[in-house]
Amino acid sequence: MSSLFNDYQPGSFFDEMFSAPDAARDHYSGIMGSIGTLTPAEYAARQRTADMVFLRQGVTFTVYGDDQGTERIFPFDLMPRIIPHKEWERVESGLIQRITALNLFLNDVYHGQKIINDGIVPRELVESASHFRPEFRGVKVPHGIYIHICGTDLVRDGKGEYFVLEDNGRCPSGASYMLENRNAMKRTFPGLLQSLPVRPVDAYGSMLRETLAHLAPPSVIDPNIVVLTPGVFNSAYFEHCYLAKQMGVPIVEGRDLILKNDRIFMRTTKGLQQVHVIYRRIDDDFLDPLVFRKDSLLGVPGLVNAYQNGHVALANSIGTGVADDKAVYALVPKMIKYYLDQDPILPNVPTYLGVDPKECEYILANLPNLVVKAVNESGGYGMLMGPHSTKEEREKFGERIRANPRNYIAQPVLQLSRHPVFQGDHFEGRHIDLRPYVLYGDRIHVVPGGLTRVALKKGSLVVNSSQGGGSKDTWVLWDDE
Amino acid sequence: MLSRVADSIYWMARYMERAENLSRLLLSTQDLLLDAGEEASDESQFWGPILMTTGDEERYDKIHATIEGELVADFLALRADNPNSILNCVRAARENARTVRDQISDELWECINGLRLFLESPEATALHQNQRASFYEKVLVASYQFQGIASSTTPRDESWHFLRLGLCLERADKTTRLIDTCSAISLDMPPNPLARPLRWAALLRSSSAWHAFQAYSSNKLNPVDILEYLLLNDAFPRSFAWCIEEMHTALIALCGNGRLEDMKAPVRLLGRLRADIAYITMEEVLKEGLHEFIDRLQAKLNDIGASILQTFVLYGDSAPVVGDSTHLAVLSPGAWHSAVDDNMQIQQQQQQ
């Protein structure tokens, strides 16, 4: 047993690495024999090297509501999270099943609405979802695919069971950190990745490009693809640039694009050049001031019309947020059954809907034991962590729920699995989740691994970068000998 | 290339060059004072012209009542409230680089970002306080690195040409401003050959031209020769004429085949200036008046800079469409077919 983990206490949680103190799980044995033999000082030195690399490269994100210069590095913990092959196979098939059902659902609600007419999903729930776009009913989208890029959040409970926490089918972020984390590991422990059967993730850029190219009309041989960013002040600007660079396509802002003859062109030094596919990292609301928010300066006037007429393709499509709504999320298992006639491979976290009067009463009566979330918020904003809340916070939230029950859901507090995280000179357990990335082009690809997010604050269950979270490299193994 | 990208690359290069020139000017002024002996008792004579070259006199006067070396150096190096300080030039270069990170090499980005991280660190403030020369040298070296990395990692396409345009336009402008600080000084050779013409030596040093000029002029610091070298000699890479040649090369590359009917406005403006510089004599320059001549060059540089932006960046939507226009016809909703059903089948097969 190495000195690094001598005093490590997995505690009463599901620990990814240790089944008991001093008993590392089999799939971590390779790493125990290498990283595990370093002294704390040696390990700390490697961690500092990795931190310096991130800072020098400017691998940063921006924190809103913080006037301190605003750019921060996303804290990176060197000890990788490892997922055995068998376990991953199940996760992968569960994710494929889920994105298939979500896309069938979107195609359905924007066309025949069979699932509503058959009484599986209440009409009221769909139509009251704030990201539902009734103006898109009947609009044909390329290949009938709405969500091309999905970043599903998975968590494991106290027994190690995987659950889907939320589907991010609008503009999921974080893929660049997944890629950069792997690079940092390669530089810090060059021999290790060679000696262990770790599946590579670096094909993401080319897979993403293929997925986007698939959306271009068949008659365009070499489509012009762009990444549309809100700009340099957006929290994920680094990521937008990074992905554009990985794909070898331009990154554009709304002001770089203009509409002419119902087509979209970018302004280049040589004149106007037509754009065929837009990987947009701008929410629906800001895409086109003629259709959505009138005050948006980020989008392109006329873009939505050009999209509706098939003159330019968007990924993800418009209106996917209806599937992201946390109340609609609760019905995804029913969608899987309805469209695919299958049982969900990855279960949902039990969810209480504010819109259901009985469940709403339960929520209000059990606030101290629940996590309450606003249905349209993401990034850890607009939520109440019951067990960690004060009485005033609960009262305030209770009022908000009563005023607008449709806007809230609640879930039991899961004891998320933990992973050793380096804290200065020793390891401590911290809660983690997993965001794998799913791409839906001519077929469905799941990137082996994803972004493991870490709640760095002791005891915290919130992993979002905006709330003091960090991340880890995620290793999926080729085989489990 | 996107117009906005071209604009950012151009300004990234300009701001880096501006930071470099400012560092060198501060370094050579400090050296000049060490050599000046008694003359140096009135520091303001040396530091005042520097504020004039950067165009910051008014802003400085609002903050400080007197011109003192310490204050001017602080003001121009690390003051966050002086938009033209070295710190802010590097920050601006870095912000421009950040918006085009996907278009420049990682090495180039890390070089600029590294310099900005250094300038914002307490280490930089301490170095500027205690070993000023080392501070300026550090900025100079970073700028040389920037140019070296740019030169060896930038493809010779539009990125390179806009980078060269930004760098050379800034350098040409700074060279004329440096020369202008000497336009009020007598052009006669000092009567005593041993008396060192300090100002002229400093002018050469702040243009990195000391050694090159010594080799060129067999060691005589004749003011008119120095002026001619810095203005009209197209072999020295900080002279005005050299910068104009480089800009000409970049613009011709950007504007394509060089046929007269395709010549865009900035090429025409630059071509005229280039001919003027190529055929003018120092006699004519001095007859016009050095200061007046420099004013004229600066006005033309401004026109050229504005014309570059207008031609490549700020144009309206009447601009021509690039590439194969047949693409316009074929995009229609009918071209899509719904693959959801196919995918559903693939999916079910995978599940079996």
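Procedures and definitions
- Residues numbered from 1 in each chain as written.
- Chains lettered and ligands numbered in written order.
- Predicted model: local features only at pLDDT ≥ 70, side-chain atom pairs only at ≥ 80, totals over all residues.
- Helix = DSSP H or I, 4+ residues; strand = E, 2+ residues; numbered from the N terminus.
- Buried ≥ 20, exposed ≤ 12 C-beta atoms within 10 Å, placed from the backbone.
- Contact = placed C-beta atoms within 7 Å.
- Pairing = 2+ DSSP bridges.
- Axes fitted to C-alpha atoms, helices over the stretch in contact; angles between N-to-C directions.
- Expected span 1.5 Å × (residues − 1).
- Left-handed = near helix turned anticlockwise from the far one by under 90°.
- Nonpolar A, V, L, I, M, F, W, Y, C, P; charged D, E, K, R; others polar.

A. View of the overall build of chain A. Counting its secondary structure elements, chain A contains 16 helices and 25 strands. Seen through its C-alpha atoms, chain A measures out along the principal axes to roughly 70 × 60 × 50 Å. Classification of the 481 residues of chain A by burial places 52% in the buried group. Contacts in chain A between residues at least 24 apart in sequence constitute 68% of all its contacts with a sequence separation of at least 6.

B. Here's a closer look at the environment of B:Gln103. Residue and element names in this part refer to chain B. Looking at where Gln-103 falls in the secondary structure, it is placed in the loop between helix H5 (86-99) and helix H6 (106-119). For the pair Gln-103 and Thr-154, spaced 51 residues apart in sequence, the C-alpha to C-alpha distance is 9.2 Å. Apart from residues lying up to four places away in sequence, Gln-103 is in contact with Val-5, Ile-9 and Ser-159.

C. Representation of the sheet that holds strand E18 (residues 383-385) of chain A. Residue and element names in this part refer to chain A. Taking strand neighbours across the sheet as the criterion, the four strands line up as E16-E19-E17-E18 in an open arrangement whose pairing is antiparallel. Of all the strands in the sheet, just strand E16 (352-353) and E18 have a single pairing partner and so form its edges. Running at roughly 140 degrees to E18, helix H16 (residues 391-403) makes contact with strand E17 (370-374), E18 and strand E19 (408-412) of the sheet.

D. View of the sheet that holds strand E6 (residues 149-151) of chain A. All names here are of chain A. Overall, antiparallel pairing links the three strands, which are arranged E6-E22-E23 in an open sheet. Edge positions in the open sheet fall to E6 and strand E23 (444-446), since each of these has one partner strand only. Averaged over all adjacent pairs, the angle separating strand axes in this sheet is 15 degrees, with direction ignored. In this fold helix H3 (residues 85-109) packs onto E6, strand E22 (437-440) and E23, with an angle of close to 140 degrees to the strand it touches most, E23. Across the sheet, helix H8 (residues 204-213) is in contact with E22 and E23; its angle to E22 comes to roughly 35 degrees.

E. Structural detail: helix H16 (residues 290-312) of chain B. All names here are of chain B. The end-to-end C-alpha distance of H16 is 33 Å, a good match for the 33 Å that 23 residues give at a rise of 1.5 Å each. Looking at H16, one finds that the buried residues are Leu-290, Phe-293, Ile-294, Leu-297, Leu-301, Ile-304, Gly-305, Ile-308 and Phe-312. Where H16 is buried, its residues meet helix H1 (3-36), helix H9 (158-180), helix H13 (240-254), helix H14 (265-279) and helix H15 (282-288).

F. Structural view of the packing of H1(B) against H9(B). Residue and element names in this part refer to chain B. Following both chains from N to C, one finds H1 and H9 inclined at 35 degrees, their axes separated by 7 Å at the closest point. The chirality of how H1 crosses H9 is right-handed. Only Glu-158, Ser-159, Phe-162, Leu-163, Leu-165, Gly-166, Leu-167, Leu-169, Glu-170, Arg-171 and Lys-174 of H9 make contact with H1, whose side of the interface consists of Ala-6, Ile-9, Tyr-10, Trp-11, Met-12, Ala-13, Arg-14, Glu-17, Arg-18 and Asn-21. Residues belonging to the contact of H1 with H9 are distributed by class as follows: 11 nonpolar, three polar and seven charged.

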